[in-house]
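If you want the building blocks of each chain, they are given just below.
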Amino acid sequence: MNQPRHDLPRMELRLLRQFVAVAEELHFTRAAQRLAMSQPPLTAAIRRLEEEVGATLIERGRKTVRLTHAGTVLLDRAKRLLRAADEALTATRDAAAGKRGTVRLGYVGSAMYGRLPEALRAFRRSHPDVAVDLHEMTTVAQIDRLRAGELDLGIVVPPLWDMAGLQMTAFDRDRLAIALPTGHPLAAAEAVSVGDLAQEAFICWPRLQGPGFHDQVMRLCGDAGFTPKVVEEAHGMHTVLSLVAVEAGVAIVPESMKQVRAAEIVYRPICGDAARFELLLCRPAGEAAPAAARLEDVLRR
């Protein structure tokens, strides 16, 4: 047998497939039929493989064909390699089609109390091999992460003053509500207006973290004739509500969150169009990664 050519990394997968067929059939004619080829080229292919390996892989008798020890070792390794190659090809095709991969999705906290959970359930049912990496964060933080390439999609609250490099589509609608501790004197009233809060201590959302939401709350109070007395700013709507629950003050929050700490907080809706707000689906401009595009399609339905 000739010396090996020392270029095994370039060994063709086709040669390995042909070798596996012969090794499993132990019959050149049957192996050729299985491969839909004629026998002479198959015999030549096995000889070429043996030359590349530098060892006899198949012993050919007048009536029998059997594997050598080297052939047995190669058969096991070749089957593993071919299986891995097939899996890699399938995974690559699935990734290109958006059927595999990871999508990084940011969202404001209130989005999880609207249509987002059902949309995510629908996506996971239709795309079980795509992981959705969820990140609850403010609108400002999402915009920064989207621009830095650290998020694929975000669910944000407008307005956004700088939309350069971003694409927006409508995602959900919500409205604002008054959150009161259950022991508050106003909690027993069936209806509470924003004006009723003029003398109350407010728990508020920092403007730097969510200017659209913050400014809408300030406008509602201004329209009611007062500037709220903000006693504490809380980073995160759940923190705002936790402070309301321990009677640190009152707050204006998304009505969709009225199930949060419902035993400790009374929620009263704010009437009128000025209390409405939208949530937008946001992503970087340009072509999205295939898996992200699939999730975007589901979220836009």
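It should be noted that the structure appears before, not after, this text.
Procedures and definitions
- Residues numbered from 1 in each chain as written.
- Predicted model: local features only at pLDDT ≥ 70, side-chain atom pairs only at ≥ 80, totals over all residues.
- Heavy atoms only, no water.
- Helix = DSSP H or I, 4+ residues; strand = E, 2+ residues; numbered from the N terminus.
- Rg over C-alpha atoms; globule rule 2.2 N^0.38 Å.
- Buried < 20%, exposed > 50% of the residue type's maximum accessible area, 1.4 Å probe, protein only.
- Contact = heavy atoms within 4.5 Å.
- Areas by Shrake-Rupley, 256 points an atom, 1.4 Å probe, with all protein chains shown as cover.
- Lys, Arg positive; Asp, Glu negative; His and termini not counted.
- Charge placed at Lys NZ, Arg CZ, Asp CG, Glu CD.
- Salt bridge = Lys/Arg side-chain N within 4 Å of Asp/Glu carboxyl O.
- Axes fitted to C-alpha atoms, helices over the stretch in contact; angles between N-to-C directions.
- Parallel < 35°, antiparallel > 145°, perpendicular 65-115°, else oblique.
- Left-handed = near helix turned anticlockwise from the far one by under 90°.
- Polar contact = N/O pair within 3.5 Å; in protein donor to acceptor, adjacent residues only side chain to side chain.
- Disulfide = S-S within 2.5 Å.
- Pairing = 2+ DSSP bridges.
- Phe/Tyr/Trp six-rings, centres within 6.5 Å; stacked < 30°, edge-to-face > 60°.

1. A closer look at the overall build of the protein chain
Phase 1: Helix and strand content of the protein chain: nine helices and eleven strands.
Phase 2: Expected size for 301 residues packed as a compact globule is a radius of gyration near 19 Å; at 32 Å, the protein chain overshoots this value by more than 25%.
Phase 3: Across its three principal directions, the C-alpha atoms of the protein chain cover 105 × 40 × 30 Å.
Phase 4: For the protein chain, buried positions account for 44% of its 301 residues.
Phase 5: Across the protein chain, contacts joining residues at least 24 apart in sequence account for 71% of those joining residues at least 6 apart.
Phase 6: Taken as a whole, the protein chain presents about 15,900 Å² of accessible surface, with 51% of it coming from carbon and sulfur.
Phase 7: Positive and negative side-chain charges in the protein chain, numbering 39 and 37 respectively, have mean positions lying 12 Å apart.

2. A short note on the pattern of salt bridges
Phase 1: Under the criterion given, the structure shown has 21 salt bridges.
Phase 2: With a shortest N-O distance of 2.6 Å, Arg66 and Glu59 are connected by a salt bridge.
Phase 3: Owing to a relative accessible area of 48%, Arg66 belongs among the partly exposed residues under this scheme.
Phase 4: The residue Asp273 makes a salt bridge to Arg276 at a minimum N-O spacing of 3.1 Å.
Phase 5: In this structure Asp273 comes out as exposed when scored by relative accessible area, which is 61%.
Phase 6: What emerges from the salt-bridge pattern is a single network uniting Glu24, Glu25, Arg30, Arg34 and Lys79.

3. Remarks on unusual backbone geometry
Phase 1: Here the phi dihedral of Leu26 falls at roughly 50 degrees; this positive angle occurs in a residue that is not glycine.
Phase 2: By secondary structure assignment, the location of Leu26 is in the loop between helix 1 (13-25) and helix 2 (28-34).
Phase 3: On the basis of relative accessibility, which here comes to 36%, the residue Leu26 falls in the partly exposed class.
Phase 4: You will see that Glu247, though not glycine, has its phi angle at about 65 degrees, which is positive.

4. Some remarks on the side chain of Arg283
Phase 1: Position of Arg283 among the secondary structure elements: in strand 11 (residues 276-284).
Phase 2: Look past the residues within four positions of Arg283 in its chain and what remains in contact with it is Leu146, Asp152, Leu153, Gly165, Leu166, Gln167, Ala288 and Glu296.

5. Here's the deal with the packing of helix 1 against helix 3 (residues 39-53)
Phase 1: Two elements in contact, helix 1 and helix 3, have axes separated by 10 Å at closest approach and are oriented at 110 degrees. In terms of orientation, helix 1 and helix 3 fall into the roughly perpendicular class. Relative to helix 3, the crossing made by helix 1 is left-handed. Packed against helix 1, whose contacting residues are Arg14, Leu15, Leu16, Gln18, Phe19 and Val22, the element helix 3 presents Leu42, Ala45, Ile46, Arg48, Leu49 and Glu52 at the interface.

6. A closer look at the side chain of Asp172
Phase 1: Along the chain, Asp172 falls in strand 6 (residues 166-181).
Phase 2: Among buried charged residues, Asp172 stands out as having no salt bridge; its nearest opposite-charge side chain is Arg115, 5.3 Å away.
Phase 3: Side-chain polar atoms of Asp172 contact the backbone nitrogen of Arg115, separated by 3.1 Å.
Phase 4: Filtering out sequence-adjacent residues up to four positions away, Asp172 remains in contact with Gly114, Arg115, Glu278 and Leu279.

7. As for the state of the cysteines
Every disulfide links exactly two cysteines, by a covalent bond between their sulfur atoms.
Phase 1: This model, assessed by the stated rule, comprises zero disulfides.
Phase 2: Not engaged in a disulfide, the cysteine Cys204 finds its nearest cysteine sulfur in Cys221; these two sulfurs lie 7.8 Å apart.
Phase 3: With relative accessibility at 0%, the residue Cys221 sits in the buried group.

8. As for the pairing of strand 8 (residues 229-233)
Phase 1: As defined by bridge partners, strand 7 (residues 201-204) adjoins strand 8 across four bridges and the pair is classed as parallel. What sits directly across from Cys204, in strand 8, is Glu233.

9. Looking at the packing of aromatic side chains
Phase 1: Applying the stated criterion across every chain, the model contains three aromatic pairs.
Phase 2: Seen from their ring centres, Phe202 and Phe226 are 6.3 Å apart, and the 50 degrees between their planes marks the pair as tilted. Here Phe202, found in strand 7, pairs with Phe226, found in the loop between helix 7 (211-223) and strand 8; they are 24 residues apart in sequence, far enough to count as distant. Like Phe202, the residue Phe226 is buried in the burial classification.
Phase 3: Note on Trp205 and Phe213: the rings are 6.4 Å apart at their centroids and 70 degrees apart in plane angle, and the pair reads as edge-to-face.
Phase 4: One aromatic cluster is present, formed by Trp205, Phe213 and Phe277 through successive ring pairs.

Remember, this is a structural readout, not a statement about activity or role.
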